[in-house]
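Structural overview
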Amino acid sequence: MRRILVVEDDIAIRNNIMALLRLEGYEADAAGDGQEALDYLRSHVYALVISDVMMPRMDGYALLRQLRTQPATAQLPVILLTALADKQDQRQGMNLGADDYLAKPFQREDLLNAIETRLGRSAQQQVEAQRLQAEAHRLRYLDQLTGLGSRMALLEALSGQGGLCETPGQLVLVLVLGVDHFSRINDSLGYQAGDAALRECGQRLEQTLGDMGRAFRLVGPNFAVVAQVGEPAAAQLLATCLQEAWLQPMTVLGEEMFIPVSIGYCLFPADASDAQQLLGRAEVALHQAQGMGGSQVLGYTAQMNAEASERLRLSNDLYRALERNEFELHYQPQISLCDGRLTGFEALLRWHHPRLGRVSPLRFIPLAEENGQIISIGCWVLAEACQRLASWQHVAPGVRIAVNLSARQFAAANLLHSIEAALDFSGLPPTLLEIEITEGTAMVDAERTVGTLLQLKSLGVKLALDDFGTGYSSLAYLKRFPLDVLKVDQSFVRNILTSAGDRAITQAVISLASSFGMSVIAEGVEREEQKQLLQQMGCDAYQGYLFSPPLSAQDVAEHLPDWMTARVTT
């Protein structure tokens, strides 16, 4: 565009400029002052403004101020004309945002060169602005790692023309796919491998989909698919097809890798009323699927939304639970199978919620892991358990206390400090504190586990491996772990009388522990026959409802004198 607005109150000069511009092929309009120029600018679009400085009603400076404050004209090139040659006058114009300054009288070539220079720069700026706009669009709508569409692109695809328009006999399906335990790839192989794995997942997704749908990448290890299906059963079928494709080995940086995935999905209009709700509810279904252990496919249900809302409320409530003294420790006795003596307690966390009453640890511990509160809660548990056992030492000398560490707490940088602080503050001898981790926690990063356990051992505390036999511990690593105790999971003890397999596993654990110089505690003992069989197998101790359920500190204090003065005969 080569249309120019000339603002000049001197008619002779104005006419000369207008004639010159038209001879050079420019379109031009003329205004007698700044006020008239604003009227032109409201109704026309110009590539450049040439304005005198000294004019009645509104001078060139006032006009320039107006132009620079309006979004539509903020970048419009302006050349100021003045009969004043003072540098201060020129500086004022430049400070207000003028692009060039010509002193009267000026030569024809000076004006034309100034015009061409400003229009050329303006054209370059427009090209650069278009490039930046295109780049911003690309960054907003294209995932840079996988080349798939972004979350914004997905929402626009759903909200745009034809997205959620009802097609006779068709449902709009959104599936959200999440790589299970993706952090393990980053932790074990590095972020480069993690990125490569995500690229491979994106390619696998597109290859499997073909023309059945369109793939997108959301955040982190989560992907999405938009498709149209004729019935709800087809949604489950497509999700299962995608999951099976992901379970086939992928090559990541030259290594064969199996990458499990969970999938949640939602249908429009059956389950959602708009694009945001459709995607959000598919994500709720994914969260539920991964909460079931992973490698699951779940369709959204209204109950999930209620559960997600309750999870959010519980997660928020956890932030205040400590300061409101809502937590309490219960203690389950551990009894020697050799002579019936009380040997220790396992400290078990309980949450008394002001609205819900007692909340199961199976429900709130995973939430505390997710939101990070497990670190501060775990520190409180350590301190409380040590103080409580220290207060019982005059009645029950030598009795130990076992405290469970969550995976996140075990990996925390301040773990040793929190244990040392709990021991120092309570005065409890380190040998009376037993730290328990689960087999699953130990094997997340076995090499790191060895180092952490050695550091804990240097403090003088005892170390126990909980839920042994339920995971995939390598015997080589088990031998390297400086453990004192193996705990047989209650899932084996429960069926020890009726299942030859569970009985054989229990015997193998006891024999293995004995060969490594460790003692064995069986959990969940509820029947006398179970206790007797464990005794015959050579198990060292047991805990369970046969002797006592977990008790409050007050109840334990009442029973301690009797437990310490008599052998247990039950």
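Note: the structure precedes this text.
Let me sum up the structure you'll find in this document. Owing to the predicted nature of the structure, the values given are computational and were not obtained by experimental measurement.

About the thresholds
- Residues numbered from 1 in each chain as written.
- Predicted model: local features only at pLDDT ≥ 70, side-chain atom pairs only at ≥ 80, totals over all residues.
- Heavy atoms only, no water.
- Phe/Tyr/Trp six-rings, centres within 6.5 Å; stacked < 30°, edge-to-face > 60°.
- Helix = DSSP H or I, 4+ residues; strand = E, 2+ residues; numbered from the N terminus.
- Buried < 20%, exposed > 50% of the residue type's maximum accessible area, 1.4 Å probe, protein only.
- Axes fitted to C-alpha atoms, helices over the stretch in contact; angles between N-to-C directions.
- Contact = heavy atoms within 4.5 Å.
- Nonpolar A, V, L, I, M, F, W, Y, C, P; charged D, E, K, R; others polar.
- Salt bridge = Lys/Arg side-chain N within 4 Å of Asp/Glu carboxyl O.

Some thoughts on the packing of aromatic side chains
- Summed over all chains, the structure comprises 10 aromatic pairs.
- Centroid distance tyrosine 331 to phenylalanine 345: 6.4 Å. Interplanar angle 80 degrees. Geometry classified as edge-to-face. Within this pair, whereas tyrosine 331 is found in strand 13 (residues 327–336), its partner phenylalanine 345 is found in strand 14 (residues 342–353), the two being separated by 14 residues in sequence. Comparing tyrosine 331 with phenylalanine 345 shows no difference in burial state: the two are buried.

Remarks on the packing of helix 12 (residues 361–371) against helix 13 (residues 373–392)
- Across the interface, helix 12 lies against helix 13 with an axial gap of 5 Å and an inter-helix angle of 120 degrees. Here Ile365, Ala368, Glu369 and Asn371 of helix 12 lie close against helix 13, whose contacting residues are Gln373, Ile374 and Ile377.
- By residue class, the composition of the contact of helix 12 with helix 13 is 4 nonpolar, 2 polar and 1 charged.

Some remarks on the environment of arginine 350
- By the element assignment, arginine 350 lies in strand 14.
- Measuring from C-alpha to C-alpha, the distance between arginine 350 and tyrosine 141 comes to 47 Å, with 209 residues separating the pair along the chain.

Remarks on the pattern of salt bridges
- In total, this model carries 25 salt bridges according to the counting rule given.
- Taking the shortest distance from any N to any O, the salt bridge between glutamate 24 and arginine 108 comes out at 2.5 Å. With glutamate 24 in the loop between helix 1 (11–23) and strand 2 (27–31) and arginine 108 in helix 5 (residues 108–141), the pair connects residues that are 84 residues apart, well separated along the chain.
- Residue glutamate 24 is classed as partly exposed on the basis of its relative accessible area of 32%.
- Where lysine 457 meets aspartate 484, a salt bridge forms, and the shortest distance between an N and an O atom there is 2.6 Å. With lysine 457 in helix 17 (residues 446–458) and aspartate 484 in the loop between helix 18 (475–480) and strand 19 (485–488), the pair connects residues that are 27 residues apart, well separated along the chain.
- The class of lysine 457 is partly exposed, set by a relative accessible area of 31%.

Just distances and angles here, no functional claims.
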